[in-house]
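Chain by chain, the residues:
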Amino acid sequence: MDFEVRKVRKAHGPVKLRRERERYFLLVRQGLSNKEASRLVGVNERTGREWRNGRSDPARFRAPAQQGRAPVAASSGRYLRDDERLHIADRLREKATIRAIAAELGRSPSTVSREIHRNRTTDPRGQWHYRPHAAQARADARRPRPKTGKIARNAELRDFIQQHLALRWSPEQICNALRAQFPDRPEMHVVHETVYQALYVQGRGELRREVTRALRSGRARRRPQRQAASRQPRFTHPMVMISERPAEAEDRAVPGHWEGDLIIGKDNGSAIGTLVERATRYVMLVHLPDGRSAEHMRDALVKTVKTLPSHLTRSLTWDQGSEMAAHHSFSIATDVPVYFCDPASPWQRGSNENTNGLLRQYFPKGTDLSVHTPEHLAAVAAELNGRPRKTLSWETPAERLHKLLAV
């Protein structure tokens, strides 16, 4: 492993964590959870979540300091410092834009915008001014934790919520009633998550614990959801991800790389397997009369693949459906490696997804697919393979495959 976790555990800022960030995304693409990837690169889980959820890299807002002005020291922490607030105040007096100020500080423009709106001072005439020392005092007073919740601070709000919970109103209904009944009193407005927090979080005492019995779920505390890190492996043998598939399969230059999937019938009771060759778009349909269990899928795929010459069976790409749980034994029987797409990434099998859409004209959704015989499936595949394709310069998949077989 060519990556070493940094020895000094202190705030380094966004620029110095560039190597950690690149390594983090590499691990996530390999299928690791945020918790595990963050641990391996030596950063906090919250940092990993911010990277994963698309927080802009503050480095890209950094610009050279203007002439005649001393550069501001690079940010080294999460919170704005005294000198940064002084810089904001000076540049606002000079009519500088928020984006220009953010670039000089190496911060996101949204950070500067929120700072100004949260901590500015408004005079009796309604005009606002940004005073850096007052802004620093406000930020310091707002930072201590834990804080008293909005419901605990307002007895009228607490009583209103308790009364309507006793009437078996849902928290969302209560919150909308508050906005309708007190439209001009923002202190009486809360979102339903605030009510749930007051009910479920232990030790706050904002709402009576017995009121939780009025919730339709009947639970006095939240039911913990399964964490991604505790997810059990789907298959006995580990999956080989699509990122490890040969480059020749990606550019469609070499034939023999197939994409596969299922089209499902009424009530998930029947299915037909579909195989599409990436270079020629040649279609083969897999008959599954006995169901789509892993063993049935493996046997049907082995039977279908063995009808092809060896130079046209280089790889198979599938999604992470449970029907491919026996992929290892399939590869042993056919010498065809199986690569799996990333979760929720159907575009990684684009040819197969497009073909499944064409096949729905023959096998509509909500119908029983078990009534179709192998002969009918072969006839449908032959009809699709006889259509000229624009992507093949108006040749048919059958003609392209015939040329390859002739060679």
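Scroll up to find the structure this text is about.
Right, let's walk through the structure included here.

Scoring rules and cut-offs
- Residues numbered from 1 in each chain as written.
- Predicted model: local features only at pLDDT ≥ 70, side-chain atom pairs only at ≥ 80, totals over all residues.
- Heavy atoms only, no water.
- Core = buried A, V, L, I, M, F, W, Y, C linked by side-chain atoms within 4.5 Å.
- Buried < 20%, exposed > 50% of the residue type's maximum accessible area, 1.4 Å probe, protein only.
- Helix = DSSP H or I, 4+ residues; strand = E, 2+ residues; numbered from the N terminus.
- Contact = heavy atoms within 4.5 Å.
- Axes fitted to C-alpha atoms, helices over the stretch in contact; angles between N-to-C directions.
- Parallel < 35°, antiparallel > 145°, perpendicular 65-115°, else oblique.
- Left-handed = near helix turned anticlockwise from the far one by under 90°.
- Pairing = 2+ DSSP bridges.
- Nonpolar A, V, L, I, M, F, W, Y, C, P; charged D, E, K, R; others polar.

## Let's talk about the nonpolar core
Counting residues in each nonpolar core, the largest one holds 25 residues, and the members touching the most others are L275, M297, L301, L316, W318, M324 and F330. For this core, the secondary-structure elements that each account for two or more residues are strand 3 (257-264), strand 4 (271-277), strand 5 (283-286), helix 14 (294-305), strand 6 (315-318) and strand 7 (338-340). Looking at this core element by element, the count peaks at five residues for helix 14. Beyond its immediate chain neighbours, meaning those up to four positions away, L316 contacts W258, E259, G260, L275, L301, M324, F330, V336, P337, V338 and Y339.

## Things to note about the packing of helix 14 against helix 15 (residues 327-334)
Where helix 14 contacts helix 15, the axes come no closer than 10 Å and their chain directions differ by 25 degrees. With respect to each other, helix 14 and helix 15 are oriented roughly parallel. Between helix 14 and helix 15 lies a crossing of right-handed hand. Across from R298, L301, V302 and V305 in helix 14, the residues of helix 15 making contact are S329, F330, A333 and T334.

## Topic: the sheet that holds strand 7
Spatially, 5-4-3-6-7 is the arrangement adopted by the five strands of the open sheet, whose pairing is mixed. Of all the strands in the sheet, the pair left with one neighbour each is strand 5 and strand 7. In this sheet, neighbouring strand axes are inclined to one another by 25 degrees on average, regardless of whether the strands run parallel or antiparallel. Pairing geometry for strand 4 and strand 5, over four bridges, is antiparallel.

## Here's the deal with the packing of helix 10 (residues 155-166) against helix 11 (residues 171-181)
Two elements in contact, helix 10 and helix 11, have axes whose closest approach is 10 Å; the angle formed by their N-to-C orientations is 130 degrees. Between helix 10 and helix 11, the interaxial angle falls into the category oblique. The crossing of helix 10 and helix 11 is right-handed. Packed against helix 10, whose contacting residues are L157, F160, I161, H164 and L165, the element helix 11 presents I174, A177, L178 and Q181 at the interface. Looking at the contact of helix 10 with helix 11 residue by residue, the classes come out as seven nonpolar, two polar and no charged.

In short, geometric facts, not functional conclusions.
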